[in-house]
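Overview (structure and organization)
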Amino acid sequence: MVSILILIFIVGYLAITLEHPLKLDKAVSALLMATVIWAGIAFGFNKGLLSIVDYHGEVFNITKGNLAEQMWGFKANLMHHFSSISEILFFLIGAMTIVEIIDLHRGFAIIKKAIVTTDKKKLLWILGSLAFVLSAVIDNLTATIILVTLLRKLVPKRDYRVWFAALIVIAANAGGAWSPIGDVTTTMLWINNKVTAAGLAEHLIIPALFCFILPFAAAMRLKAFQGKTVLKKKVIDDDSERLLSSRKMLYAGLGAILLVPIFKAVTGLPPYIGMLFSLSLVWMLSEYVKPVKNISKNEKNLYSTHKALSNIEFSSILFFLGILLAVAGLESLVFGTLQEQQVGTLFYAASQLSQAIPSMDAVVVILGGLSAVIDNVPLVAASMAMYDFPIDDRIWHFIAYSAGTGGSLLIIGSAAGVAAMGMEKINFMWYLKNIAPLALLGFLGGAVSFIILNNFF
């Protein structure tokens, strides 16, 4: 039964990668895969054909113990996973809505006006540097959303734009790896007292720079970045009132996003609560700040948050939901036994990997590669459960780097990649052929620099 469910995941994953040849939206494949997997788990559990393991490591099987207690454990496990996924989705919805509000008020045109170069190489480095810095300050997902939105305002031709967007994903993931709020996996390690903010930055800033700089340097040789590009014409006039409105919404929107980690630090609440609080502030401000006085009702609707919500790529959000639910199903399935304790599929796979490969550095690099295929959150969660290294141990830092940057190897390997894929309709196979080699160069370059720095300096 477990093997059948793993096979369903593999088939569903292949359907996602072959989205364009099949002419089937990836959200459909992801949702179908997730729901069939969980339906199979429910059927197998009710028939006593399989066991599940919850987030506490407790195993439930309907043939053992109290029936009501076992059923409660099954439902509680599903609700836990759905709750964790919902935190990410609502964070994503909040961030995307704030970005859309800024965009409706032409806030990104302020930044766009400051970028006047038509040289493709210079433009790439400007956008990459912004992605690297912004992702560390806010997070790689939000930084990608902001910069891909900005990119749409700069480069009109999509054939060129997808190259820039794909490399923005690499830079954003690299920038997020050395910050405790830059990626969900670094946040997990930080919250669970595996790393400190200072230790993470100290040990990973140089590897992260290698991961960012090497692919960008290699991309300079590609035909796509030779010569000049045509920037979109100025999309905002010089009317002082309109400029003031755009600046207000730009500063308010970015300030609200920057408020999220502060809100979390002060209240101790999860980041999605802070993002929803920030969204409410920006939403309220947008009700009063308009680009011109005496605006008509129809014109007012063009700048409303309702309009911003209608512009969000909800198919991408549903795709993200499907992927995470499917992975949660595999995480819950009991697949094997370790030290006389039944464990989930992903935990078992990670443990077997550690036994087969004695070098922890090699294991962590492989885990980074796996994070491009399987969501990095359960992999890091399994790592935290498997190992008991002290706080700020080099292995925790290496796991943070590998899990954060390894997702760049595939377009669906990270939240930033999924967001860019949805916004620019980036083809999976195109990314695999053209961008994955660059991402691999950066990933391995950063990994080698980390090993050298920690072993010899």
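Keep in mind that what you see is a predicted model, and the values were worked out from it rather than measured. (Residues numbered from 1 in each chain as written. Predicted model: local features only at pLDDT ≥ 70, side-chain atom pairs only at ≥ 80, totals over all residues. Heavy atoms only, no water.)

A short note on the overall build of the protein chain
The condition that has to hold: Elements are defined by DSSP. Helices are runs of H or I of four residues or more, strands are runs of E of two residues or more, and each kind is numbered from the N terminus. Each residue's exposure class comes from its accessible area (1.4 Å probe, protein chains only) as a fraction of the maximum for that residue type: buried when under 20%, exposed when over 50%, partly exposed otherwise. Every residue pair with non-hydrogen atoms within 4.5 Å of one another is taken to be in contact. Here the Shrake-Rupley method, with its probe set to 1.4 Å, supplies the accessible areas, and only the displayed protein chains count as covering residues.
When helices and strands are tallied, the protein chain shows 22 helices and four strands. A burial count over the protein chain gives 53% of its 457 residues as buried. In the protein chain, the share of contacts with a sequence separation of at least 24, taken over all contacts with a separation of at least 6, comes to 75%. Here the protein chain displays about 19600 Å² of accessible surface, and carbon together with sulfur accounts for 65% of that area.

Some words on the pattern of salt bridges
Going by this rule: We define a salt bridge as a contact between a side-chain nitrogen of Lys or Arg and a carboxyl oxygen of Asp or Glu at a distance within 4 Å.
All chains considered together, the criterion is met by three salt bridges. Salt-bridge contacts for Arg 152 lead to Glu 424; the nearest nitrogen and oxygen are separated by 3.1 Å. In this pair, Arg 152 sits in helix α7 (residues 140–154) while Glu 424 sits in helix α20 (residues 415–424), placing the two residues 272 residues apart along the sequence. Judged by its relative accessible area of 30%, Arg 152 falls in the partly exposed class. Judged by its relative accessible area of 2%, Glu 424 is buried. In this structure, the salt-bridge partner of Arg 394 is Asp 361, at a minimum N-O distance of 3.1 Å. Pair noted here: Arg 394 is in helix α19 (residues 394–406) and Asp 361 is in helix α17 (residues 360–370), with a separation of 33 residues, a long-range link. Taken together, the shared-partner salt bridges connect Arg 152, Arg 161 and Glu 424 into one network.

Concerning the packing of aromatic side chains
To be explicit about the condition: Pairing of aromatic rings covers Phe, Tyr and the six-membered ring of Trp, with a centre-to-centre limit of 6.5 Å; geometry is then stacked below 30 degrees between planes, edge-to-face above 60, and tilted otherwise. Note on geometry: a ring has a charge over it if NZ (lysine) or CZ (arginine) is within 6 Å of the ring centre and within 35 degrees of the ring normal.
All chains considered together, the criterion is met by 15 aromatic pairs. Residues Phe 45 and Phe 74 carry aromatic rings whose centres are separated by 4.9 Å and whose planes lie at 25 degrees to one another, so their mutual orientation is stacked. You can see Phe 45 sitting in helix α3 (residues 26–46) and its partner Phe 74 sitting in helix α4 (residues 67–104), a full 29 residues away along the chain. When its relative accessible area of 0% is taken as the criterion, Phe 45 is described as buried. On the basis of an interplanar angle of 70 degrees and a centroid distance of 5.8 Å, the ring pair of Trp 125 and Phe 212 is categorised as edge-to-face. Of the two residues, Trp 125 is situated in helix α6 (residues 120–137) and Phe 212 in helix α10 (residues 197–219); the sequence distance between them amounts to 87 residues. Taking relative accessible area as the criterion, Phe 212 reaches 6% and is therefore assigned buried. Feature note: the residues Trp 125, Phe 132, Trp 178, Phe 212 and Phe 216 constitute an aromatic cluster, connected by ring pairs. Above the ring of Phe 319, the side-chain terminus of Lys 26 is found at 5.5 Å from the ring centroid.

As for the packing of α17 against α19
Inclusion rule: Convention adopted: a line fitted to C-alpha atoms gives each axis, helices being fitted over their contacting stretch, and angles between N-to-C directions are expressed from 0 to 180 degrees. Any angle between 65 and 115 degrees counts as roughly perpendicular, while under 35 counts as roughly parallel, over 145 as roughly antiparallel, and the rest as oblique. By definition, any crossing whose near helix is turned counterclockwise from its far helix by less than a right angle is left-handed, and any crossing with a clockwise turn is right-handed. Residue type decides the class: Asp, Glu, Lys and Arg count as charged, Ala, Val, Leu, Ile, Met, Phe, Trp, Tyr, Cys and Pro as nonpolar, and the leftover types, Gly among them, as polar.
In contact at an axis separation of 8 Å, α17 and α19 are set at 25 degrees when each is read in the N-to-C sense. Between α17 and α19, the angle is such that the two are roughly parallel. Here α17 and α19 pass one another in a crossing that is right-handed. From α17, Met 360, Asp 361, Val 364, Val 365 and Gly 368 reach across to α19, where they touch Arg 394, Ile 395, Phe 398, Ile 399, Ser 402, Ala 403 and Gly 406. For the contact of α17 with α19, the class distribution of residues is seven nonpolar, three polar and two charged.

Quick look at the side chain of Glu 424
What counts, and what does not: Polar contact is the term for a pair of N or O atoms within 3.5 Å; when the atoms are in protein, one must be able to donate a hydrogen and the other to accept it, and sequence-neighboring residues count only if both atoms are side-chain atoms.
Among the polar contacts listed, one links the side chain of Glu 424 to the side chain of Arg 161, at a separation of 3.0 Å. Setting aside chain neighbours within four positions, we find Glu 424 in contact with Val 148, Arg 152, Arg 158, Arg 161, Val 162 and Ala 165.

A word on unusual backbone geometry
A negative phi angle characterises most non-glycine residues, just as the trans form characterises most peptide bonds. Located in the positive-phi region is Asp 392, a residue other than glycine, with phi close to 65 degrees. Topologically, Asp 392 is positioned in the loop between α18 (376–386) and α19. Its relative accessible area of 25% is what places Asp 392 among the partly exposed residues. Phi is positive for Lys 425, close to 55 degrees, though the residue is something other than glycine.

Overview of the environment of Phe 164
As for its position among the elements, Phe 164 is in helix α8 (residues 158–177). According to the relative accessible area criterion, Phe 164 is buried, its value standing at 1%. Residues Phe 164 and Trp 125, spaced 39 residues apart in sequence, show a C-alpha to C-alpha distance of 9.7 Å. Once residues within four sequence positions are removed from consideration, Phe 164 is found in contact with Lys 120, Leu 123, Leu 124, Leu 127, Leu 151 and Phe 225.

Considerations on a nonpolar patch on the surface
We apply this condition: Any residue with relative accessible area above 30% and no salt bridge may belong to a patch, with like charges joined within 9 Å and the nonpolar Val, Leu, Ile, Met, Phe, Trp and Tyr side chains within 5 Å.
Residues Leu 7, Ile 10, Val 11, Leu 14, Leu 18, Leu 22, Leu 24 and Val 28 make up a contiguous nonpolar surface patch of about 680 Å² in total accessible area. Counting residues per element, the nonpolar patch draws most heavily on helix α1 (residues 2–17), which supplies four residues. Looking at where Ile 10 falls in the secondary structure, it is placed in helix α1.

Topic: the environment of Gly 407
Here Gly 407 lies in the loop between α19 and α20. Taking the relative accessible area as the measure of exposure, Gly 407 reaches 1% and is therefore buried. Note: C-alpha distance between Gly 407 and Gly 368 (39 residues apart in sequence) is 7.2 Å. Non-local contacts of Gly 407, meaning those with residues more than four positions away in its chain, are made with Asn 173, Gly 368, Ser 371, Ala 372, Gly 413 and Ser 414.

Regarding α19
What counts here: One fewer than the residue count of a helix, multiplied by 1.5 Å, yields its expected span.
Over its 13 residues, α19 extends 17 Å from the first C-alpha to the last, a length consistent with the 18 Å expected when each residue adds 1.5 Å. Counting buried residues along α19, 12 of its 13 residues qualify, which places the element largely inside the surrounding structure. For α19, the set of buried residues is Ile 395, Trp 396, His 397, Phe 398, Ile 399, Ala 400, Tyr 401, Ser 402, Ala 403, Gly 404, Thr 405 and Gly 406. Where α19 begins, the side chain of Asp 393 points an oxygen toward the backbone nitrogen of Ile 395, at a separation of 2.9 Å.

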